[in-house]
Amino acid sequence: MDISLLLDNLNDGQRNAVAASSKHQLVLAGAGSGKTRVLVQRIAWLLNVENVSPFAVMAVTFTNKAAKEMRARLEEVLNVPANGLWVGTFHGLAHRLLKQHWREARLPQHFQILDSDDQLRLIKRLMKAHNIDDSRYPPKQIQWFINGQKDEGRRAAHVIPSADPFQETLRTVYALYEENCQQNGLVDFGEILLRSHELWLENPDLLQHYQQRFRHILVDEFQDTNNIQYAWIRILAGQNISVMAVGDDDQSIYGWRGANIDNIRNFQHDFPGAELIKLEQNYRSTANILAAANAVIENNQGRLGKNLMTQGEEGEPISLYSAFNEQDEARYIADLVDEWSRGGRLRAEMAVLYRSNAQSRTLEEAFLRSGIPYRIYGGQRFYERLEIKNALSYLRLLLNRQDDAAMERVINVPARAIGEKTVEILRSHAREQGCSLWQSAHEALSLGLLPKRAGTAVQGFIDLIDEMSVGIHELKLHEIVDNSITQSGLIEHHKKEKGEKGQARLDNLEELINAARQFESGDYLPADEVDDETEENSGQTDLAIFLDNAALDAGEGQADEYEDAVQLMTLHSAKGLEFPQVVLAGLEEGLFPHKMSMDEAEGLEEERRLAYVGITRAMEKLIITHAESRRLHGQENFSTPSRFIREIPDELIQEVRLKNTVSRPLMAKHNRGGYDTPAQPDFVKQEQSAGVPYDLGNRVYHEMFGEGTVLQFEGQGPGLRVQVFFDDAGQKWLVANFAKLEKI
Ligand code: ATP
Ligand code: MG
């Protein structure tokens, strides 16, 4: 490969970073200055010019999606598969370590990842079992406490006892929680990092193995590492591994989750001889957009001091639209999408960013009404949806009967007459015996602890799970998933639910089968699948890996990836991304800056950094909107425009005046609520199918379900689904493409 290719298209500062000969580097630079590009090119440089083995490189990205992109980018640059590289998020990489060294980490081989919902449920359960009043000690606060401690690397035993009973209770519940997780092989997100850090501390040989293996560690978005992540890097790096950290103190937006800007300040001290490289040219945005971003962030104190300029064109002014309520705002944004795509641009080049997740609903409604395809990025996570979590819980039970969290979740979903009282009997027996719920259920039956009807119901559940497990070794993953959502009764259960919601849940369950199918075909790549040390993984079934990925990868990479859709996301998840046109919605005092963070200087500065992140996502065009009134949490609020709007110099802004809207202010004041009730979205069911050789009412044959009658169609193209009433197997939705129905 031609070396100059690796340095082409880079400015001097970037080139210095890519080809650096210093041991460590800290690349500190503003948004859009090419930090991520430098990181990728640096890896290419190491592999190609310095002949570093791909197995000796670890790159830490902020999302799994970013990891995938980095891998793809490298393959493009190198023109060879980038297998072997450890690229992933902190959590992904640490999880991989734990999987490989579960014994040394004191974990069962199939330990389960506990997501934040499961975690809260477990905390509540433990509090109840120990008579801790959850009105005095809010479980959410305890959860927050536990996660905070783990982010600092502190176990319950390290928390200093306190004279304050409240603090003591936090500590006690933490200890109980820790013990319970260890007993049941459960690992929450914070634990993944903490545990793998301990793994190294406690196993010097293992640490040494990795220290000899890796030569380079590269970390993107370094400003948002928390203390345990930083400690993790430091211990791994030891004396010999080179570390390149790239980041921007002005984009530190995860302080509320323990991220510590001081890591940037400490880097040069902790990694002696680290070279500081600053990049000052922005390649992303027009001069106007950049000027706005710089003007806003200048209001923060104590910045590390960086310059950012562009040689790009001035560009259009920033548009400001004052909507009179949130529906007006959403409609205006929908019009913008239409205008953009009529101008021949892809909708996917446009992003709508907002401060709080709840804002998406109104936008979604407006898009649905206008028939605009949209995608929520990183937000409404597929694997966090109720029906999906239920389905996954059944699958988890198939794999591991001792998984109490899973059993709790589905023992009575769908309802099978196992009431809370019965479950409590099982729980307390499990507590007494120190055994799992599953075992407790068995014992409760043989000891006659349950009333007759409840006993029959519990026996039914046990039989169901056992039946569902029959033959899973012979089946393909998607068949296991398919069978389990049917046999468990989940499909029937959601069919009974009325309206769009039930249908959406059914669609999601079908989508889970698709995900399993995709996984089999290898399209669904975990962040780090190929390795030179797969030995430890050999006993794992596809199912186990699939479940782990589902837990880790929640939501990134959603359905309908191929449709051209406008992107919706929170400002937090927009980090690192760029779009030709960006709308920042809901710039109102109290919403953004958020009222929770408005009153103290530090909180406000973090909000401002978030504004800086938002503005700097835009390449060509930035639109800012705010609403004079907004319904939030069921309440109508009137609010003033965000201070961040005022911080942008007037000459950069052009206010939007709509020609057809007369007497807007009047309506806003006098006709509140009466104005503009949104029309119901128009979900037209498709009566006729296309591309399949059968029709409504036809008799058809299916390989597995036998003969049946076609009842209805929904969706179109590859998404076309057909509902069939099978004579023996009952009513089922099938994806037409996969169902292979024959007309008879
Ligand atoms: P952020 O802080 O938002 O993560 P960043 O510093 O990581 O931004 P990149 O995403 O790497 O910036 O780069 C921003 C854009 O500028 C990208 O589209 C990238 O391809 C482009 N770019 C970077 N360097 C150059 C260059 N030397 N010449 C042309 N384009 C460049
Ligand atoms: Mg970046």
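Computed from a predicted model, the values in this text were never measured in an experiment.

## Details of the overall build of the chain
Within the chain one finds 28 helices and 21 strands. Counting across all 744 residues of the chain, residues that qualify as buried make up 42%. Summarising the internal contacts of the chain: among those between residues at least 6 apart in sequence, 75% fall at separations of at least 24.

## Description of the domain arrangement of the chain
On domain assignment, one finds that the chain holds domain 1 (3–98 + 194–279), domain 2 (112–184), domain 3 (287–379 + 565–670), domain 4 (383–523) and domain 5 (699–743). Its C-alpha centre places domain 1 at a distance of 50 Å from the equivalent point of domain 5.

## Some remarks on the nonpolar core
By size, the foremost hydrophobic cluster in this structure holds 116 residues, and its most contacted members are Val-27, Ile-43, Ala-59, Ile-217 and Ala-391. In contact with Ala-391, not counting residues within four places along its chain, are Ser-484, Ile-485, Leu-490, Leu-509 and Leu-512. Ile-318, Tyr-332, Val-337 and Val-566 belong to the second largest nonpolar core, which has 60 residues in total.

## Re the site of ligand 1
Taken together, 19 residues are adjacent to ligand 1, and Gly-34, Lys-35, Thr-36, Arg-37 and Tyr-283 come closest. Both domain 1 (3–98 + 194–279) and domain 3 (287–379 + 565–670) contribute no fewer than three residues apiece to the shell around ligand 1.

## Remarks on the sheet that holds strand β3 (residues 86–88)
Pairing in this open sheet of 6 strands is parallel, and the strands run β3-β2-β6-β7-β1-β8 from one edge to the other. Pairing within the sheet leaves two strands with one partner each, and these edge strands are β3 and β8 (275–279). Between one strand axis and the next, the sheet turns by 10° as a mean value, whatever way the strands run.

## Describing the UniProt feature "domain: UvrD-like helicase ATP-binding" (unreviewed entry) in the chain
Within the UniProt annotation, "domain: UvrD-like helicase ATP-binding" (unreviewed entry) is assigned to residues 8–286. As a span, residues 8–286 carries 49% helix and 12% strand, and end to end its C-alpha atoms are 22 Å apart.

## Describing the pairing of strand β12 (residues 566–570)
Among the 5 residues in β12, 5 count as buried, and that is most of the element. Strand direction decides the pairing type here: strand β10 (residues 350–354) and β12, joined by 4 bridges, are parallel. Bridged to Val-352 within β12 is Leu-568. Bridge count for strand β11 (residues 374–376) against β12 is 3 bridges, and the pairing is parallel. Bridged to Ile-376 within β12 is Leu-568.

## Focus: the UniProt feature "binding site: ATP" (unreviewed entry) in the chain
Taking the UniProt record as the reference, the feature "binding site: ATP" (unreviewed entry) is found at Ala-29, Gly-30, Ala-31, Gly-32, Ser-33, Gly-34, Lys-35 and Thr-36. Tracing the backbone through its elements, the reader meets Ala-29 in strand β1 (residues 25–29). Along the polypeptide, Gly-30 turns up in the loop between β1 and α3 (35–48). Leaving out residues up to four positions away in the same chain, Gly-30 has contacts with Asp-248, Asp-250, Asn-282, Lys-306 and Leu-308.

## Thoughts on the environment of Lys-421
Positionally, Lys-421 belongs in helix α18 (residues 420–433). C-alpha of Lys-421 to C-alpha of Ala-454: the two residues are 33 residues apart in sequence and 9.4 Å apart in space.

## So, the pairing of β10
Of all 5 residues that make up β10, 5 are buried, and the element is covered over most of its length. Here β10 shows a buried face lined by Met-350, Val-352 and Tyr-354 and a second buried face lined by Ala-351 and Leu-353. Alignment of β10 against strand β13 (residues 579–584), held across 4 bridges, turns out to be parallel. Within β13, the residue paired with Ala-351 across the bridge is Val-582.

## Some remarks on the confidence of the model for the chain
Residue-level pLDDT values for the chain average 85, and 87% of them are 70 or greater. Within the model, pLDDT remains below 50 along residues 554–559, and this stretch shows 16 contacts once partners closer than five positions in the same chain are excluded. Low pLDDT, under 50, characterises residues 660–689; the predicted model gives this stretch 26 contacts beyond four residues in sequence or across chains. Predicted complex metrics record ipTM = 0.99 and pTM = 0.72.

## What about the packing of helix α14 (residues 326–342) against helix α15 (residues 360–369)?
Remark: α14 packs on α15, axes separated minimally by 9 Å, with the N-to-C direction vectors making an angle of 50°. Taken together, the axes of α14 and α15 lie oblique to each other. Where α14 crosses over α15, the handedness of that crossing is right-handed. Touching Glu-326, Gln-327, Ala-330, Arg-331, Ile-333 and Ala-334 of α14 are Thr-362, Leu-363, Glu-365, Ala-366 and Phe-367, all from α15. When grouped by side-chain class, the residues that make up the contact of α14 with α15 number 6 nonpolar, 2 polar and 3 charged.

Criteria and cut-off values
Residues numbered from 1 in each chain as written. Chains lettered and ligands numbered in written order. Predicted model: local features only at pLDDT ≥ 70, side-chain atom pairs only at ≥ 80, totals over all residues. Helix = DSSP H or I, 4+ residues; strand = E, 2+ residues; numbered from the N terminus. Buried ≥ 20, exposed ≤ 12 C-beta atoms within 10 Å, placed from the backbone. Contact = placed C-beta atoms within 7 Å. Domains from an automatic or database assignment. Core = buried A, V, L, I, M, F, W, Y, C linked by C-beta atoms within 7 Å. Near = placed C-beta within 6 Å. Pairing = 2+ DSSP bridges. Axes fitted to C-alpha atoms, helices over the stretch in contact; angles between N-to-C directions. UniProt positions renumbered as here; feature names shortened; annotations may be inferred. pLDDT = per-residue confidence, 0-100. Parallel < 35°, antiparallel > 145°, perpendicular 65-115°, else oblique. Left-handed = near helix turned anticlockwise from the far one by under 90°. Nonpolar A, V, L, I, M, F, W, Y, C, P; charged D, E, K, R; others polar.

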